[in-house]
Amino acid sequence: MNLRKAIVHELVKEQHQDIQESRLANDLLPIDNIKVQNFAKKIIDIYGKRQNSAQYGVFNSLERPSSFGQFFNDLSENIEDLSDLKFIELTEFIMGRLWELASDSTPASGGYIVFLEYEVDAIIFLLVAMVKKTDGMNIDDELHIESLEYIDLAKLTQALKINTVRFREFLVADEVEKSEITYLSFVSPRNNVSTAGYFVTALGCDKGPSSAKAAESLFTASDEFFRTNPLIADNADEMHSALLEYVISCSRADGGNVRLSEVENIARRFVPAEDQEISDTTLNDYITFLNNEDNRVPVEFPVNKKIADKYSHISYKDDDYQISIKRDLVSKDEQAAVYLTEDGKVIFNRPPQELVIILEQALNE
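**Structural notes on the sheet that holds strand β13 (residues 330–331)**
Across the sheet, three strands lie side by side as β13-β14-β15; this open sheet has mixed pairing. Two strands in the sheet have a free side with no partner beyond their single neighbour: β13 and β15 (346–348).

Rendered as structure tokens:
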């Protein structure tokens, strides 16, 4: 991780009390300072972990006047090479949007708003995170480096992360491609599921990607994690089947969303529990792997029967054939219900009697 810019402001509001004037730092923090680097690394590291899983999405508008989406879009040509002045201007714009929304929400509370610009594998990220100060500690008015040690990094209250490479890809994509691209992610309240928190509302975050893309990532990433981990590799097939059963059940329910919290509960059945610490670490790594920047499985997403059928059935259609078979019936085992031979033949060992009758009737007509 290469830290490029960092600054901390404070949104001053206690729950059920009137909002106060925000405390804004005048200068960026020195990124060559070890305290600043460690502070930034801790925030980056906990983003996307099990208790801070992210929802992936996009801005709900890139053109609405006074929206953060429009502000960020206006910077798009230089988004990966912002001057210090422009970066501070961006942070102050966000603080203004947060102040507006928080002032209208009685239950809302403020906190320290951390702004980081950093680089990983040649990708520039912008991370905005709300964190709280530790009990009994006062942070000086200047928000100096020494203040960082008094900020609670156990969890992120709310946060937003933007992948600038994906954002650029989105801007030049056609409409079909745009439906499959997400360039931001966010952590929000209500167990990190709801998008109703004032933070993500103020910054104009909207859920995505398409359900089909999310489901595809869920299965491929889950299979990869299980098959490459020696501790649980033998349970990979069982986990896949259980995950498929869960997705199918969600597709049949009204408002049946796939949730990472439930995926974790399913995975727990296939992770050895003899050593609780190893078990917890494995599950934490599993959920983090699903939710990371590469796999981008959202903390929650909807599925329908069409999506579920894609993973539960093998389907084919042309002018001569139209067939759909449950995936778990097909095997290269000659005893399988549907046996795929080495020379490319498909043998139905135990076809439904009704199908046999229909075929015989067709031959006799």
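So, next bit.
**As for the pairing of strand β6 (residues 158–163)**
A large share of β6 lies buried, amounting to six of its six residues. Of the two faces of β6, both are covered, the one formed by Gln 158, Leu 160 and Ile 162 as well as the one formed by Ala 159, Lys 161 and Asn 163.

**Examining the packing of aromatic side chains**
Across all of its chains, the model carries 14 aromatic pairs by this definition. Seen from their ring centres, Phe 170 and Tyr 183 are 5.0 Å apart, and the 65° between their planes marks the pair as edge-to-face. Of this pair, Phe 170 sits in helix α4 (residues 164–172) while Tyr 183 is found in the loop between α5 (175–178) and β7 (184–187), placing the two residues 13 residues apart along the sequence. Tyr 183 matches Phe 170 in its accessibility class, with the two residues each being buried. Joined through ring pairs, the aromatic side chains of Phe 59, Phe 68, Phe 71, Phe 72, Phe 93, Phe 167, Phe 170 and Tyr 183 make up one cluster. For Lys 161, the ring lying beneath its charged end belongs to Phe 125, and the centroid distance is 5.4 Å. We note Lys 178 situated over the ring of Phe 170; from NZ or CZ to the ring centre the distance is 5.2 Å.

**Overview of the packing of helix α8 (residues 211–228) against helix α9 (residues 236–252)**
Between α8 and α9, whose axes approach to 9 Å, the crossing angle comes to 155°. Taken together, the axis directions place α8 and α9 in an arrangement best described as roughly antiparallel. Viewed along their axes, α8 and α9 form a crossing whose handedness is right-handed. From α8, Leu 218, Phe 219, Ser 222, Asp 223, Phe 226 and Arg 227 reach across to α9, where they touch Ala 236, Asp 237, Met 239, His 240, Leu 243, Leu 244 and Val 247.

**Structural notes on the packing of α8 against helix α11 (residues 276–291)**
Their axes nearest at 9 Å, the elements α8 and α11 cross at an angle of 145°. Of the two elements, α8 crosses α11, and the hand of that crossing is right-handed. Across the interface between the two elements, Leu 218, Ala 221, Ser 222, Glu 224, Phe 225 and Phe 226 of α8 pack against Thr 282, Asp 285, Tyr 286, Phe 289 and Leu 290 of α11. Residues that form the contact of α8 with α11 fall into these classes: seven nonpolar, two polar and two charged.

**What to know about the confidence of the model for the protein chain**
For the protein chain, per-residue confidence averages 84 on the pLDDT scale, and 89% of positions sit at 70 or higher. Ignoring residues within four places in sequence, the model shows residues 191–196, a span with pLDDT below 50, making 18 contacts including any to other chains.

**As for the side chain of Thr 288**
Counting through the fold element by element, Thr 288 comes out in helix α11. If we ignore the near neighbours within four places in the chain, the residues touching Thr 288 are Gly 48, Lys 49 and Arg 50.

**As for the nonpolar core**
Counting 41 residues, the largest nonpolar core has Leu 11, Phe 59, Phe 68, Phe 72, Leu 90 and Leu 98 as its most contacted members. Examining the composition of this core, we find that seven residues originate from one element, helix α3 (residues 84–103), more than from any other. Once residues lying within four places of it in the same chain are set aside, the contact partners of Leu 90 are Phe 68, Phe 71, Phe 72, Leu 75, Leu 82 and Leu 126. Formed by 33 residues, the second largest nonpolar core is a distinct cluster that contains Leu 243, Ile 266, Val 297 and Ile 307.

**Details of the side chain of Lys 161**
Tracing the sequence through the fold places Lys 161 in strand β6. When near neighbours in sequence (up to four residues on either side) are disregarded, Lys 161 contacts Tyr 47, Tyr 118, Phe 125, Leu 126, Leu 127, Tyr 183, Leu 184, Ser 185 and Glu 293.

**Considering the pattern of salt bridges**
In total, this model carries 16 salt bridges according to the counting rule given. Of the charged contacts in the structure, one is a salt bridge between Lys 161 and Glu 293, with a shortest N-O distance of 3.7 Å. In this pair, Lys 161 is assigned in strand β6 and Glu 293 in the loop between α11 and β10 (300–302), connecting sequence segments 132 residues apart. Neither Lys 161 nor Glu 293 differs from the other in exposure class; each is buried. One continuous salt-bridge network, built from bridges that share partners, spans Arg 4, Lys 5, Glu 117 and Glu 119.

**Brief notes about α9**
Side chains of residues three or four places apart in an α-helix project in the same direction, reflecting 3.6 residues per turn. For α9, with 17 residues, the first-to-last C-alpha span of 25 Å sits near the 24 Å given by 1.5 Å per residue. Among the residues of α9, those classed as buried are Ala 236, Met 239, Ala 242, Leu 243, Leu 244, Tyr 246, Val 247, Ile 248, Cys 250 and Ser 251.

**Description of a nonpolar patch on the surface**
Together, Tyr 316, Tyr 321, Ile 323, Leu 340, Val 346 and Phe 348 line one region of the surface with nonpolar side chains, adding up to about 580 Å² of accessible area. Its location among the elements puts Tyr 321 in the loop between β11 (313–317) and β12 (322–326). The exposure class assigned to Tyr 321 is exposed, which follows from its relative accessible area of 55%.

Conventions and cut-offs
Residues numbered from 1 in each chain as written. Predicted model: local features only at pLDDT ≥ 70, side-chain atom pairs only at ≥ 80, totals over all residues. Heavy atoms only, no water. Pairing = 2+ DSSP bridges. Helix = DSSP H or I, 4+ residues; strand = E, 2+ residues; numbered from the N terminus. Buried < 20%, exposed > 50% of the residue type's maximum accessible area, 1.4 Å probe, protein only. Phe/Tyr/Trp six-rings, centres within 6.5 Å; stacked < 30°, edge-to-face > 60°. Lys NZ or Arg CZ within 6 Å of the ring centre and 35° of its normal. Axes fitted to C-alpha atoms, helices over the stretch in contact; angles between N-to-C directions. Parallel < 35°, antiparallel > 145°, perpendicular 65-115°, else oblique. Left-handed = near helix turned anticlockwise from the far one by under 90°. Contact = heavy atoms within 4.5 Å. Nonpolar A, V, L, I, M, F, W, Y, C, P; charged D, E, K, R; others polar. pLDDT = per-residue confidence, 0-100. Core = buried A, V, L, I, M, F, W, Y, C linked by side-chain atoms within 4.5 Å. Salt bridge = Lys/Arg side-chain N within 4 Å of Asp/Glu carboxyl O. Expected span 1.5 Å × (residues − 1). Patch = residues over 30% accessible without salt bridge, like charges linked within 9 Å, V, L, I, M, F, W, Y side chains within 5 Å. Areas by Shrake-Rupley, 256 points an atom, 1.4 Å probe, with all protein chains shown as cover.

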